[in-house]
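Breakdown of the fold
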Amino acid sequence: QVQLVESGGGLVQAGGSLRLSCAASGRTFSAYVMGWFRQAPGKDRELVAQINWSGGSTYYTDSVKGRFTISRDNAKNTVYLQMNSLKPEDTAVYYCAAKPTIAARYDYWGQGTQVTVSS
């Protein structure tokens, strides 16, 4: 089992920045692929960014490329999502998730943290 706890959400003006953190406990954190998802009201949950176990491979959905950065600190069992140049359309609940391999589905989820971007 892996337990995930997000933090760092809040209210920010358009153009501002936030950094989300996801602290993991349980099985070996460094072995897991980590992802950040978001879900806006009335919309499906979408994968925003993903990072492999070493941090050497990342993925971003097109709408956040150049603005968001995913990173991880395996010594601290934490994954981060740095969000810059935020837009109102980034408003959503952001979830941290973990899976054992790139090909697997995400099995472990945090409780979510709200990000609200005002115009």
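Scroll up a little and you will see the structure.
This section reports on the structure supplied with the text. Please read all numbers here as calculations on a predicted model, not as lab measurements.

Rules of the game
- Residues numbered from 1 in each chain as written.
- Predicted model: local features only at pLDDT ≥ 70, side-chain atom pairs only at ≥ 80, totals over all residues.
- Heavy atoms only, no water.
- Core = buried A, V, L, I, M, F, W, Y, C linked by side-chain atoms within 4.5 Å.
- Buried < 20%, exposed > 50% of the residue type's maximum accessible area, 1.4 Å probe, protein only.
- Helix = DSSP H or I, 4+ residues; strand = E, 2+ residues; numbered from the N terminus.
- Phe/Tyr/Trp six-rings, centres within 6.5 Å; stacked < 30°, edge-to-face > 60°.
- Disulfide = S-S within 2.5 Å.
- Pairing = 2+ DSSP bridges.

Side note on the nonpolar core
Ranked by internal contacts, the top residues of the largest apolar core, which has 30 residues, are Leu4, Met34, Trp36, Val79, Leu81, Met83 and Tyr94. Breaking this core down by element, the ones donating at least two residues are strand 1 (2–7), strand 3 (18–26), strand 4 (33–39), strand 5 (46–51), strand 7 (68–73), strand 8 (78–83), strand 9 (92–99) and strand 11 (113–118). Within the second largest apolar cluster, five residues are counted, among which are Val33, Phe37, Ala97 and Tyr106.

A look at unusual backbone geometry
Look at Asn77: it is not a glycine, yet its phi comes out positive at around 55°. Inspection of the secondary structure assignment puts Asn77 in the loop between strand 7 and strand 8. Its identity as a non-glycine residue notwithstanding, Ser85 has a phi of 50°, on the positive side. Here Ser85 lies in the loop between strand 8 and strand 9.

Thoughts on the packing of aromatic side chains
What the rule picks out here adds up to four aromatic pairs. Aromatic pair Phe37 and Tyr106: ring centres 5.0 Å apart, planes at 85°, arrangement edge-to-face. In this pair, Phe37 is assigned in strand 4 and Tyr106 in the loop between strand 9 and strand 10 (108–109), connecting sequence segments 69 residues apart. With relative accessibility at 10%, the residue Phe37 sits in the buried group. Here the aromatic rings of Phe37 and Trp109 are separated by 4.7 Å at their centres, their planes lie at 55°, and the arrangement is tilted.

Some points on the state of the cysteines
Enumeration according to the criterion identifies one disulfide in this entry. Paired by a disulfide, Cys22 and Cys96 hold their sulfur atoms 2.1 Å apart. Here Cys22 and Cys96 share a disulfide; its torsion about the S-S bond, -80°, makes the bridge left-handed. Residue Cys22 is found in strand 3, and its partner Cys96 is found in strand 9; the two are separated by 74 residues along the sequence.

Description of the pairing of strand 5
In this structure, strand 4 lies alongside strand 5, joined through five bridges in antiparallel fashion. Across the sheet, Arg38 pairs through a bridge with Glu46, a residue of strand 5. Between strand 4 and strand 5, which pair antiparallel in sequence order, lie six residues; one of them, Gly42, sits at a positive phi of approximately 80°. Hairpin geometry of strand 5 and strand 6 (residues 58–60) is characterised by an intervening segment of six residues between the two adjacent antiparallel strands and by a positive phi of about 90° at Gly55.

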